[in-house]
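# Coordinate inspection notes
One-letter residues, chain by chain:
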Amino acid sequence: DVKLQASRISHYGSNVWGNISMVLSAGIFTGILQQTKIIDAMADTLVSNIPASMGPHMGLFTAFTSLPFDYFLTNDAYYFGIVPVLAKTAATYGITTAEIARASLVAQGCHLLSPLVASTYLLIGLNGVTLGELTKKALLPSIVSSIVMIVVALATGAFPIAR
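Here the structure is a predicted model, which means the values were calculated and not measured.

Reading guide: rules and limits
- Residues numbered from 1 in each chain as written.
- Predicted model: local features only at pLDDT ≥ 70, side-chain atom pairs only at ≥ 80, totals over all residues.
- Heavy atoms only, no water.
- Helix = DSSP H or I, 4+ residues; strand = E, 2+ residues; numbered from the N terminus.
- 1 Å grid on protein atoms, 1.4 Å probe; cavity = no way out; pocket = protein on both sides within 12 Å on 5 of 7 lines; lining within 4 Å.
- Points joined across faces, edges and corners; volume = space filled by probe spheres on them.
- Nonpolar A, V, L, I, M, F, W, Y, C, P; charged D, E, K, R; others polar.
- Axes fitted to C-alpha atoms, helices over the stretch in contact; angles between N-to-C directions.
- Parallel < 35°, antiparallel > 145°, perpendicular 65-115°, else oblique.
- Left-handed = near helix turned anticlockwise from the far one by under 90°.
- Contact = heavy atoms within 4.5 Å.
- Salt bridge = Lys/Arg side-chain N within 4 Å of Asp/Glu carboxyl O.
- Buried < 20%, exposed > 50% of the residue type's maximum accessible area, 1.4 Å probe, protein only.

## Overview of unusual backbone geometry
The phi dihedral of lysine 37 is positive, around 65°, even though this residue is not glycine. Relative to the assigned elements, lysine 37 resides in the loop between helix 2 (17–35) and helix 3 (38–49).

Put into structure tokens, the structure is as follows:
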């Protein structure tokens, strides 16, 4: 029934406006950072502060820093705010944006355990456990699986150890 469908969309549709506006705002924010050359300025600052011998290791640095960043930050803050700066910095050392993007994804398993992820609360609610219990049981295996992913990515050349 079309009227029933319209009613359901109206009823539940209001819940998505916050998410839609957040995603659009993140895109606008990223566009502003890129068009005003703020990302370039931040990358230049990083390049000037990173020892030249460490620059070619930006892929590995990104992979290991993705563990805490992915856990303690929202996806938008990390992927729209930090990764573009890391990618621009890494480009100075010949590391591609795709390689930095792959390096930044290795900790997604840790991110799903973050208290900043709404689906985590749904998961713990459905299973009758607390966030603390979930973290105690799942965070260490998640970190280990992320480290295994880093090793496999390095072995397959998904991102470089050094250039």
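Right, picking up where we left off after that structure.
## Description of the layout of surface pockets
By volume, the largest pocket is sized at about 200 Å³. Lining the largest pocket, in full, are Thr30, Gln34, Lys37, Ile39, Asp40, Tyr79, Phe80, Val83, Pro84, Ala87, Lys88 and Thr97. By residue number, the principal contributor to the lining of the largest pocket is helix 5 (residues 75–91), which donates 6 residues. Looking at the lining of the largest pocket, its residues break down into 6 nonpolar, 3 polar and 3 charged.

## A closer look at the packing of helix 5 against helix 6 (residues 97–104)
Running from N to C, helix 5 and helix 6 point in directions that differ by 135°, and their axes come no closer than 9 Å. Accordingly, the angle class assigned to the pair helix 5 and helix 6 is oblique. Considering how the two elements wind past one another, helix 5 and helix 6 form a crossing that is right-handed. Residues Tyr78, Tyr79, Val83, Leu86, Ala87 and Ala90 of helix 5 form the contact with helix 6, whose own contacting residues are Thr97, Ile100 and Ser104. For the contact of helix 5 with helix 6, the class distribution of residues is 7 nonpolar, 2 polar and no charged.

## With respect to the pattern of salt bridges
One pass over the structure, following the stated rule, counts 1 salt bridge. One salt bridge in this structure joins aspartate 40 and lysine 88, with 3.0 Å as the shortest N-O distance. Of this pair, aspartate 40 sits in helix 3 while lysine 88 sits in helix 5, and the two are 48 residues apart along the sequence. Residue classification places lysine 88 among the partly exposed positions, given a relative accessible area of 39%.

Read these as layout, nothing more, since geometry by itself doesn't imply function.
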